[in-house]
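Listed below, chain by chain, are the residues.
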Amino acid sequence: MGKSLGRRIANAVSGLITVCTLAALTIVLCLLALSAMVSTSFVTTKDATHLLEHTFFLPNNPLLGIVALALVLAALALLAKPALRLARWLDANDTAFRRARRALVALTGIVCIAWLAATQPTPRSDQAIMMQLARDSLNGEWGNFTNHGYLGCFTSQIGLFWVFRLFAQVFGSADVFAFQLVNVLAAMVMMWELLEITALAGGSRLCQLATSLLAILFFPMLQYVAFVYGNLLGLALSLAAIKHEMRFFRSPEPRLVDAITSAALVGLATVVKGNYAVFLLGMILYALVRLPERGVRPAAIAAGLLVVAYMAQSWISLQMARYASSYPIDQGCSPWGWITMGAQESDLASGWWNNYNWDSYMDARHNTAAQEQVAKRDLVLALQEMREGEGGMVGFYLRKTASQWNNPTFEGFWIVQSGGIGNPSDLIANSVGNDAWMAQFSVYLHVLQFLIIVGAVCWAVTLGWGSQEARTGVVLAIVFVGGFACHLLWEAKCQYTLPYFELLIPLAALGYARLMGYAMSRRMHRDDANVQPKESGAAFACKCGALACAAILCVALCASGSLDGIRMDTAEFNAYLQQSQDQ
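Residues numbered from 1 in each chain as written. Predicted model: local features only at pLDDT ≥ 70, side-chain atom pairs only at ≥ 80, totals over all residues. Heavy atoms only, no water.

1. Focus on the packing of helix α19 (residues 392-405) against helix α24 (residues 494-502)
Alright, step 1. Relative to each other, α19 and α24 sit at 70°, their axes nearing to 8 Å. The angle between α19 and α24 falls in the class roughly perpendicular. Packed against α19, whose contacting residues are S403, Q404 and W405, the element α24 presents C494, T497, Y500 and F501 at the interface.
Alright, step 2. Taken together, the residues that form the contact of α19 with α24 break down as four nonpolar, three polar and no charged. (Axes fitted to C-alpha atoms, helices over the stretch in contact; angles between N-to-C directions. Helix = DSSP H or I, 4+ residues; strand = E, 2+ residues; numbered from the N terminus. Parallel < 35°, antiparallel > 145°, perpendicular 65-115°, else oblique. Contact = heavy atoms within 4.5 Å. Nonpolar A, V, L, I, M, F, W, Y, C, P; charged D, E, K, R; others polar.)

Below is the structure:
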């Protein structure tokens, strides 16, 4: 009786998390698809009339995405039989498949090195600050660990500080180049892990290669090899951690080494970039999803190791800083400072950086508890101002969402343009560094971004939400939804959302593979994994409810005119382009 009750509870918990996640994913992706159809955002790169990183909201022609999608669907239908033959050939030829995978990973490295060679950007802003602090520490200067110093305030950066210090100590003045080369290796690891995750989520060998090719074609993440920060390295570690956790739960006999490796890797990811704690939390929820298959013990081991890894990395980084600097480093800026800042207007865009967390921490005399109280009070005021502002709360969060997710370059070009292109070539400087050229080029990325979102929607809605396949791949959906929710409330920035968007690429490949399977007759594909499995009536009802909610939300936004706020800057943007060209 006890075991039966426990199994029912485990099934209920797993099903609830899976269905709620896939419902939320469907609604969010439909909103992002609608937003991408009607609007695109552009971040300034020159201080012509606005601050750097000021966001313009521009109208987009919906027909562009619709026509592109129609062409893709037609191609899937026409190429279904050749694709099936190719898939079977890859399944029967291990050597050819391995060579194809290695070739795509190698191509990733070549693209990244070519981008570095062409641009050679100079680190600026937080990159430059962190590198300088690491170099100063080698000379015995630890003043920024005081309560009023940069690292004393932003204690979440301490882990990354130790990474920079290691590079400065080992490579000296060549630390920038060394970090960028490590980023190239991280990009190649990222590509490999995307292939592996696609396979573990049920993708065929052809689907795995399609995932890799799509990740290369949608290349903003690859451009971040030039960004001397923890974004790309953290993503590579997080994807490897997800792979090992999926492998831990999929193996006939779960291996403890996979669980330990998974926890260690995602713990390291949170060291180099604190935002990857969202991945870690998603992985804990995924352990609960796999309760029915593996029981309490494996799920508890996986979740427990993840919690220990997070606590250990935070504690070790802080203790090392206290010991090395001899300063009693406190908690620093309260998380409420970022939440409040995320609810305020900024010269950059709604919810973007406006220095609130630093200013409020200084005004609170470096007292975390005092700042937290002030931030909570200011959050209430910010919400009141939001309701009274243009478009109300709906308008604010639409602009905030569009500023992060509707920029198809995800600031991939901006990171080199804002820092200055080091290569003397006029061709490179006049193309990559030209806003008018980038605005035209972003059309390609915007169409591809829209197709990736639609592909991920196809994966969600054609999936049996109570199926084994759903429970296997739902970890990507959990992390994506968590990232969307986090940066809906937290400080906004395109750079922060790009790692979550990368998770949609394998889902899009799986989604289009399922559609291609539907293009073939059921007789030919009776045992094919792409044919929709049976699902429970409750899961089907939840799927229909999520689609209905998404449709109602999209219609309501269109009918109310709320979308006008994310396509209102055409004249202002044209004036900016003209001033940029004149300068």
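2. Digging into helix α11 (residues 231-250)
Alright, step 1. Over its 20 residues, α11 extends 28 Å from the first C-alpha to the last, a length consistent with the 28 Å expected when each residue adds 1.5 Å.
Alright, step 2. The element α11 is largely enclosed, with a buried count of 18 among its 20 residues. (Expected span 1.5 Å × (residues − 1). Buried < 20%, exposed > 50% of the residue type's maximum accessible area, 1.4 Å probe, protein only.)

3. Considerations on empty space enclosed by the protein
The gaps left among the atoms become clear once a water-sized probe is rolled over them.
Alright, step 1. Scanning the entire structure with this criterion turns up three cavities of 30 Å³ or more.
Alright, step 2. There is about 70 Å³ of room inside the largest cavity.
Alright, step 3. Residue lining of the largest cavity: N231, K273, N275, Y276, F279, Q495, Y496, P499 and Y500, and that is the complete set.
Alright, step 4. Looking at the lining of the largest cavity element by element, the count peaks at four residues for α24. (1 Å grid on protein atoms, 1.4 Å probe; cavity = no way out; pocket = protein on both sides within 12 Å on 5 of 7 lines; lining within 4 Å. Points joined across faces, edges and corners; volume = space filled by probe spheres on them.)

4. Describing unusual backbone geometry
Alright, step 1. The phi torsion at N355 lies on the positive side, around 75°, for a residue other than glycine.
Alright, step 2. Note on placement: N355 falls in the loop between α16 (335-341) and α17 (356-363).

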